[in-house]
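Listed below are the residues making up each chain.
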Amino acid sequence: MAKNLVIVESPAKAKTIERFLGKDFTVKSSFGHVRDLSKKQLGVDIEKGFKPNYVVADDKKKIISELKKLAKDAETVWLATDEDREGEAISWHLFETLNLDEAKTKRIVFHEITKTAIDDAIKNFRSIDLNLVDAQQARRVLDRLVGFELSPVLWRKVKPALSAGRVQSVAVRLIVDKEEEIKAFKIVPFFRITADFRVVQNGKSTELKAELPSRFSTKEKALDFLNKCIGAEYTVHAIETKPTQKSPAPPFTTSTLQQEASRKLGFSVSKTMQVAQQLYESGKITYMRTDSVNLSNLALGMAKKEIIYQFGEDFYQFRKYTTKTKGAQEAHEAIRPTFLDQHTIDGTADQKRLYSLIWKRTIASQMSNAKLEKTNVNITISTTKEQFVAKGEVLIFEGFLKVYLESTDEDNADERSGVLPPLKVGQNLPLIKSDATERFTQPPSRYSEASLVKKLEELGIGRPSTYAPTISTIQKREYVAKGEREGVLRDYILITLKNDKISENTKQEKTGQIKGKLIPTDIGNVVNKFLMKHFINIMDFNFTASVEKEFDEIALGQKSWNKMIDAFYGPFHKQVEDTIEKSEKFSGEKLLGKEPSTGKNIYVKIGRFGPIAQIGETDSDEKPRFAALKKNQSLDDITLEEALELFNFPRTIGTYEEEELVVSIGRFGPYVRHKSKFFSLPKTDDPATVAEDRAIEIIEDKRQKDREKTIQKFDENEDVQVLKGRWGAYISIGKNNYKIPKGTDPEKLTLQECLKIAEEAGDKTKKPGGTRKKATKPFKSNK
DNA sequence: CAGTGAGCGAGCTTCCGCTTGACTT
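Residues numbered from 1 in each chain as written. Chains lettered and ligands numbered in written order. Predicted model: local features only at pLDDT ≥ 70, side-chain atom pairs only at ≥ 80, totals over all residues. Heavy atoms only, no water.

**Some details on the nonpolar core**
Working step 1: Leu 354 and Leu 452 are the most contacted members of the largest nonpolar core, which has 125 residues in total.
Working step 2: A per-element tally of this core places helix 5 (residues 130-157) first, with 11 residues.
Working step 3: Apart from the residues lying within four places of it in its own chain, the contact partners of Leu 452 are Ala 171, Leu 174, Ile 175, Tyr 447, Ile 471, Ile 474 and Leu 518.
Working step 4: Counting residues in hydrophobic clusters, the runner-up holds 27 residues, among them Ile 193, Val 377, Leu 423 and Ala 436. (Core = buried A, V, L, I, M, F, W, Y, C linked by side-chain atoms within 4.5 Å. Buried < 20%, exposed > 50% of the residue type's maximum accessible area, 1.4 Å probe, protein only. Helix = DSSP H or I, 4+ residues; strand = E, 2+ residues; numbered from the N terminus. Contact = heavy atoms within 4.5 Å.)

**Some points on the side chain of Arg 140**
Working step 1: Here Arg 140 shows up in helix 5.
Working step 2: Residue Arg 140 is classed as buried on the basis of its relative accessible area, which comes to 13%.
Working step 3: Contacts of Arg 140, omitting those with residues within four sequence positions, involve Asp 36 and Leu 37.

**Details of unusual backbone geometry**
Peptide bonds are mostly trans, and most non-glycine residues show a negative phi.
Working step 1: Here the amide bond leading from Phe 649 into Pro 650 is cis, since omega sits at -5°, within 30 degrees of zero.
Working step 2: Relative to the helices and strands, Pro 650 resides in the loop between helix 18 (640-645) and strand 23 (651-656).
Working step 3: Here the phi dihedral of Phe 50 falls at roughly 65°; this positive angle occurs in a residue that is not glycine.
Working step 4: Residue placement: Phe 50 occurs in the loop between strand 4 (44-45) and strand 5 (51-52).

**A short note on the pairing of strand 14 (residues 431-440)**
Working step 1: Burial runs high along strand 14: 8 of the 10 residues are buried.
Working step 2: Pairing between strand 9 (residues 189-201) and strand 14: 9 bridges, direction antiparallel. Note on strand 14: the bridge partner recorded for Ile 193 is Ala 436.
Working step 3: Bridge count for strand 14 against strand 16 (residues 488-498) is 4 bridges, and the pairing is antiparallel. Counterpart to Asp 435 in the pairing with strand 16 is Thr 496. (Pairing = 2+ DSSP bridges.)

**Things to note about a negative patch on the surface**
Working step 1: Together, Asp 637, Glu 641, Glu 642, Glu 645 and Asp 686 line one region of the surface with negative charge.
Working step 2: Relative to the helices and strands, Glu 641 is located in helix 18.
Working step 3: Of the residues examined, Glu 641 reaches a relative accessible area of 55% and is grouped as exposed. (Patch = residues over 30% accessible without salt bridge, like charges linked within 9 Å, V, L, I, M, F, W, Y side chains within 5 Å. Areas by Shrake-Rupley, 256 points an atom, 1.4 Å probe, with all protein chains shown as cover. Salt bridge = Lys/Arg side-chain N within 4 Å of Asp/Glu carboxyl O. Lys, Arg positive; Asp, Glu negative; His and termini not counted. Charge placed at Lys NZ, Arg CZ, Asp CG, Glu CD.)

**What to know about the sheet that holds strand 20 (residues 601-607)**
Working step 1: The sheet built from 4 strands is open, its strands ordered 19-20-21-22 with antiparallel pairing. Here the strands that pair on one side only, and so sit at the sheet edges, are strand 19 (590-594) and strand 22 (625-628). Taking each pair of neighbouring strands and ignoring which way they run, the sheet shows an average axis angle of 30°.
Working step 2: Taken together, the 4 bridges between strand 19 and strand 20 define a ladder with antiparallel strand orientation. Opposite Gly 593, over in strand 20, you have Ile 602 as the bridge partner. (Axes fitted to C-alpha atoms, helices over the stretch in contact; angles between N-to-C directions.)

**Considerations on the packing of helix 12 (residues 449-458) against helix 13 (residues 467-476)**
The relative placement of two packed helices is expressed as an angle between their axes plus a distance between the axes.
Working step 1: One way to put it is that helix 12 packs onto helix 13 with a least axis distance of 10 Å and a crossing angle of 115°. Between helix 12 and helix 13 lies a crossing whose hand is right-handed. Counting all contacts with helix 12, which are made through Glu 449, Leu 452, Val 453 and Glu 457, the residues of helix 13 involved are Tyr 467, Ile 471, Ile 474 and Gln 475.
Working step 2: In terms of residue class, the contact of helix 12 with helix 13 is built from 5 nonpolar, 1 polar and 2 charged. (Left-handed = near helix turned anticlockwise from the far one by under 90°. Nonpolar A, V, L, I, M, F, W, Y, C, P; charged D, E, K, R; others polar.)

**Details of the packing of aromatic side chains**
The relation between two aromatic rings is expressed through the spacing of the ring centres and the mutual angle of the planes.
Working step 1: A full pass over the atoms with the stated rule returns 16 aromatic pairs.
Working step 2: Measuring from centroid to centroid gives 4.7 Å for Phe 315 and Phe 397, while their planes differ by 40°, and the two rings are tilted. Of this pair, Phe 315 sits in the loop between helix 10 (297-311) and helix 11 (349-364) while Phe 397 sits in strand 13 (residues 384-397), placing them 82 residues apart in sequence.
Working step 3: Aromatic pair Tyr 671 and Phe 678: ring centres 4.9 Å apart, planes at 65°, arrangement edge-to-face.
Working step 4: Taking relative accessible area as the criterion, Phe 678 reaches 48% and is therefore assigned partly exposed.
Working step 5: Here a set of aromatic residues connected by ring pairs shows up, and it is made of Phe 197, Phe 216, Phe 225, Tyr 234 and Phe 388. (Phe/Tyr/Trp six-rings, centres within 6.5 Å; stacked < 30°, edge-to-face > 60°.)

**Describing the environment of Leu 405**
Working step 1: The topology assignment puts Leu 405 in the loop between strand 13 and strand 14.
Working step 2: Spatially, the C-alpha atom of Leu 405 lies 20 Å from that of Gln 342, the residues being 63 residues apart in sequence.
Working step 3: With near-sequence residues (within four places) excluded, Leu 405 lies in contact with Glu 260 and Lys 264.

Below, the structure is given as structure tokens:
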């Protein structure tokens, strides 16, 4: 039995550390937090100074009992969780849950995973910092109180099953605000003038591209300018060069890795984290959830060696980066390759690409600046005072650019710069042509998943471990959606001056297309409006920052956590009660107009199941009629005509096999019903116009697919089928599905065997994660 | 991956941060 038990948070880390520590040490992992507030109840006793009720989750019971046993037999238990607020709390929870003996428990932290660093840590043990633990408890309790008091307000006033919280609600607000900004933005056209000149040098001819710095607000002014240019001479007036430098970006944190993987590799935030996790578990990179840009001494040494070996002394420059982000806790290093001499790795294509990105970024961060020479050439026009300007950029020394350049979110496709041909002052430049192109001012761009993470990080909201889950929560709640909009064609004017003649053309370009950007839904808009009206304090971008300041004071022992929570909870709870009591139901209801045939009012609003249109009054004797909005419609811009159309369903469009064909719109979109079976309409079909022959086609398609799916059918019992599904063959009986035991040939199963398998699988009434089927209604005995 | 296909009167729903599996029928 080992004399020492070391507990860290991650199993991959445990494995690495165990190698350094020798046989007297057993290293185990807690797999993150081991206890939490109970899931179903509030879990906080408000009467008793907000005493938290912690429980060990079911999936943590096994690891706790294992650790308990190991701790009992060990001489010393070393709590080596991360050196931050959460890490300290994990140590404390372990101490409490495992009933550790204070005399034989030591708290240590690793700053680097090397033999000397670990030996160092062991020498510098301390006890658990209870102030820091209290700061974590305050954080935990505050989040629980906010989330579990706010969400039920939404259930009552807006729609069931919604949620609100310190982080997610502000994330939604950012997206809603951005959309408002875009809506308020006025697109203004203007004209941009470019010119192409011919430069002849030693009999070789090249082009020089230049632009007029000033823009024209109207077509008339642009035309006026071009007219003046007719017959003009163009002369190089001045050439000005100045040296500039570019520095590399710091090594990756979780947030910057997500941004770059999104821009350069097109990964979603969650995909980046999944692939990074795989790299981490196979020992190829350091920990991927971090807010630190710091590199360990070991890494710095490796980088230096690698850069000098690969590129030479000139390319190396020692750099120390410091974190600027608010509330960073820096318990880990930056994300970097474990071994910097490994330029590539074995693995999946995604793993290779992400690894390569991390390798380049890390190496580049310790490389010298790139040196550039920027050149501005002024070109005078003989007929007017205006001057064209040509811009060039020449790379003098590559430096870090040899390896890596960070991308930006904005695409500056219009920029005209590159290598300029050799020019002399006073040189005459013949004009090839000059264009006046109509351009348009650009509204702010919507957030992508990654740029939202960037913004949240700037505001100090959320942590590296929660960025990806937060993004998925606000989409799961249907507050925001990733937009897919085709865009529309827009006309623009192009006026060209060539050979002293002016011609005008109208051209077209695509604008307004959205791909994967975050857009608020109707529900998101309505919930945001509600929260902004009643809980502006929680929605404030500085709310997190200000409570973080108090958590810091608690961590320093200057404040008691219960008092801090008490001071917050009093007014907050009153706010909640006032809102429940005084505010009306909040559905974002909007009067669209009247139904022509009856004169009844027609409204749109958020209903029990999402956005709906309603004809008639809710509080009248006659029940109003409802219809769900289509997926791509919104409360904001639906027209009266579109709303009325929704009530044209169900629509009988013909007959097939002597049964009616009915088109309608259901929970999952438009469908055709035939012989009480449902057939989804593909996105490309419009339910308002789909006709009999097309419906039959859809039905036959679906039948064909079903046939391909069916492995076996039994005439004696039509309920029983052997089908081919995502995970291979399975047995379907009525509405239940059953797994086929390994080694059984699904094609040879008999009806009896199928029924037997189903019976042995037994009743699967309890399914973790909630059943789809409605539970049998319990008999209500009283009231 | 495909399937799902109501009713606005129960039920249940929810937070943020740590960390990985288990494994869908």
